[in-house]
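Observations on chain architecture
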Amino acid sequence: MSILALSLQPTNGSDILLQTREWFPPARALVALSAFRQTRLAFASGKDQSTEDGDTSLGDDPLAASSGQVIVGVESRYRVVYRLVNSIYVLGITTVDQDDSVNNVFECISIVNQAVSVVVTACRGVDVTPEKLSRKYAEIYMALDIVLRGVSNIRLAAMLASMHGDGIAKMVHSAIHTENKIRGADSWINEEVHSVEHEASVEAFSNARFELPPETLEAGDEVAVTLVPTGQSSSIEQQDQQQKPEEDQAEKDPFAASDALNKPEELVGGFKKDKDPSTSDLTKALAGLEVTTLPPAAATESTHIGVEGFEGDYGGIEFSNDGSTLPEDFEGINQAWGGGLDASEFVGPKKVPKSQGLGGLEFLQTGSEAATPAPAAVGAGTLENILVKKTEMKGPEMYISEEISAEFWESLLARVGLMGVVYLKTMPPKSSDDKETEFSFRIEGTSGVKRVVMQSSRVSSLGNGMFHVRTAPSEEPIPILKYSLLPRLTPLPLRVRLIKRHSGTLLSLMIQFVSNPDLPAPLNDVTFVLKLPVDPTLLKVSPKAVLNRSERELKWHVEEIPLKGTPGRLRARMPVDSSEEEGGEEIEVVCYVKFSYQGTKSLSGVSLRPASEGKTDFYEVNHRYESGVYICN
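The shown structure was predicted, so the numbers you read here are calculated from the model rather than taken from an experiment.

Negative charge collects at one region of the surface, where E215, E218, D221 and E222 lie side by side. Within the secondary structure layout, E222 lies in helix α9 (residues 214-227). Judged by its relative accessible area of 56%, E222 falls in the exposed class.

What follows is about the sheet that holds strand β5 (residues 88-95). Within the open sheet, the five strands sit side by side as β2-β1-β5-β4-β3. Their pairing is antiparallel. Since the sheet does not close on itself, it has two edges, and those belong to β2 (17-20) and β3 (67-72), each with one partner. Ignoring strand direction, the axes of neighbouring strands in this sheet form an average angle of 20°. Pairing between β3 and strand β4 (residues 78-85): six bridges, direction antiparallel. Note that in β4 the partner of V72 across the bridge is Y78.

As a packed pair, helix α2 (residues 105-122) and helix α4 (residues 137-148) sit with axes 10 Å apart at the nearest point and diverge in direction by 160°. Relative to α4, α2 is oriented roughly antiparallel. In the crossing of α2 with α4, the sense of the turn from one axis to the other is right-handed. Along the contact surface, α2 presents I111, Q114, A115, V118 and A122, while α4 presents I140, A143, L144 and V147. Along the lines of polarity and charge, the residues of the contact of α2 with α4 split into eight nonpolar, one polar and no charged.

Below, the discussion takes up the packing of aromatic side chains. Counted according to the given criterion, the structure contains twelve aromatic pairs. Ring centres of Y137 and Y141 lie 6.4 Å apart, and the angle between their planes is 25°; on these two criteria the pair is classed as stacked. Within this pair, Y137 and its partner Y141 are both found in helix α4, separated by four residues, close to a single helical turn. Residue classification places Y141 among the partly exposed positions, given a relative accessible area of 33%. Plain terms: the ring middles of F441 and F467 are 5.8 Å apart, the flat faces sit at 25° to each other, and that makes the pair stacked.

Thresholds applied
- Residues numbered from 1 in each chain as written.
- Predicted model: local features only at pLDDT ≥ 70, side-chain atom pairs only at ≥ 80, totals over all residues.
- Heavy atoms only, no water.
- Patch = residues over 30% accessible without salt bridge, like charges linked within 9 Å, V, L, I, M, F, W, Y side chains within 5 Å.
- Areas by Shrake-Rupley, 256 points an atom, 1.4 Å probe, with all protein chains shown as cover.
- Salt bridge = Lys/Arg side-chain N within 4 Å of Asp/Glu carboxyl O.
- Lys, Arg positive; Asp, Glu negative; His and termini not counted.
- Charge placed at Lys NZ, Arg CZ, Asp CG, Glu CD.
- Helix = DSSP H or I, 4+ residues; strand = E, 2+ residues; numbered from the N terminus.
- Buried < 20%, exposed > 50% of the residue type's maximum accessible area, 1.4 Å probe, protein only.
- Pairing = 2+ DSSP bridges.
- Axes fitted to C-alpha atoms, helices over the stretch in contact; angles between N-to-C directions.
- Parallel < 35°, antiparallel > 145°, perpendicular 65-115°, else oblique.
- Left-handed = near helix turned anticlockwise from the far one by under 90°.
- Contact = heavy atoms within 4.5 Å.
- Nonpolar A, V, L, I, M, F, W, Y, C, P; charged D, E, K, R; others polar.
- Phe/Tyr/Trp six-rings, centres within 6.5 Å; stacked < 30°, edge-to-face > 60°.

Distances and angles like these do not, on their own, reveal function.
Written out as structure tokens, the structure reads:
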């Protein structure tokens, strides 16, 4: 809704009524009303002056017309849509905006017209006076409050009809179902009975059980026989003819109960043991197994490449039936590294014997002559069990993930923002038997926090930094709290400065960076991405960098930035088409910085603690923070 306030202002005297939106301060509405009154009086004094001078072409007071709009105010400007009813101005206040989609003037006029209808109905005619308005002040106040928030013409007519005699309660509450009654729609009270009957019918139908007649089952068996291959179908028909007796040819009732209800249950009797000894022979099962042949010899030869700097033989496959030893495999490495790595010190010179047979398939053979595998050596384990050490969760885990964004203009900090999220990692649903996770915790170090938002379905606030969490187990970490810091109290992990020099057709760029000495640990694996204005034909960088011509990016990777050290420098120089003396457009260069860190402390200083000392309801794991939009212009 575009209108912000409604008011009743007499031509002489103080304002009678003012109704505003929740987010629009009444003080600003009073400023707009005072400016409207001053504008009206200024127009009236101008008319009197023109009459004294003998110029009567202006006619009546411009604001004494039946309706119109005027823009008032100096610093805060407002648009006032007004209608004059007898001696009372009905005013609608809105903001002045060039975008018609934000404030629709015609919509404001429609709301003012509805307010005029309320006033005229309350005074029983167009003879509107302050005395008549005071008699129906409560009804007018409530009606204008509803009109200000938007009301349809159907509900407005019902409100006006109940203004005299029915009371305020019926005027406000009885109009909710007015549109349904006029449009012919039924209320939920009348439709609820049909909904309950429908649900009962669905439940009764879903619980109904019935048995198919034998004729239907026989028709299904006939269709199933046609789907079986011919060889198997003939054998099945012979078995059915031998086992089943001749059925009575008399016609049966299709809806009669089946005889299977009176038969005893058969468990093992329905199965037959196959005594054929050939089924345990594995060689027959593998008789139809196709073995892929090796590629021809020409496909295994390598290709010789003679490009300068890349000479050598590439590709090729070598097949051998002899297993090589570990010292032979490391022989070339020993020569290339100049010795110092001798595998014979750890592994003997014996060749690994190659087992003959079907590669382990012979252990699958069943029967009395099946080979029994040798017992495994005690203490032997797979490579995964040796190298991978699986860690099990002892309980719920919590950590903080923060993302900091900053923008520098050369060496000056233009803006900065930090957003933090508190994550909860519950026990897996399988290990916790789907038991809910419930405990209390407190947050410390929140002196610089600007705003906190919590997930109310899982977390509740107990006051004084205490929170209580209750949630179902989940495989993924659950975000339960989000917070943001005040910009002036946001710590900067890295300060960046971009220096640009354009002399002639030569563009020189330098990035200076220095770490915050108060960080708990130095930043590792920091990436600087420089957006180049053009695709360089010649480029000189220091230190080495990676150039992406398609994206016109120059990327440096710094392994570690010391906490207390001299500022680092990254330089680049390239020719450009335009020169500074020609008066062309200024070249824009932007630098992006990407980094991440994990440690026991968060960047903002926010920490998680149990609700009571000495009680471990959760485990605090490593916190992490990373760069969001970290740029330098």
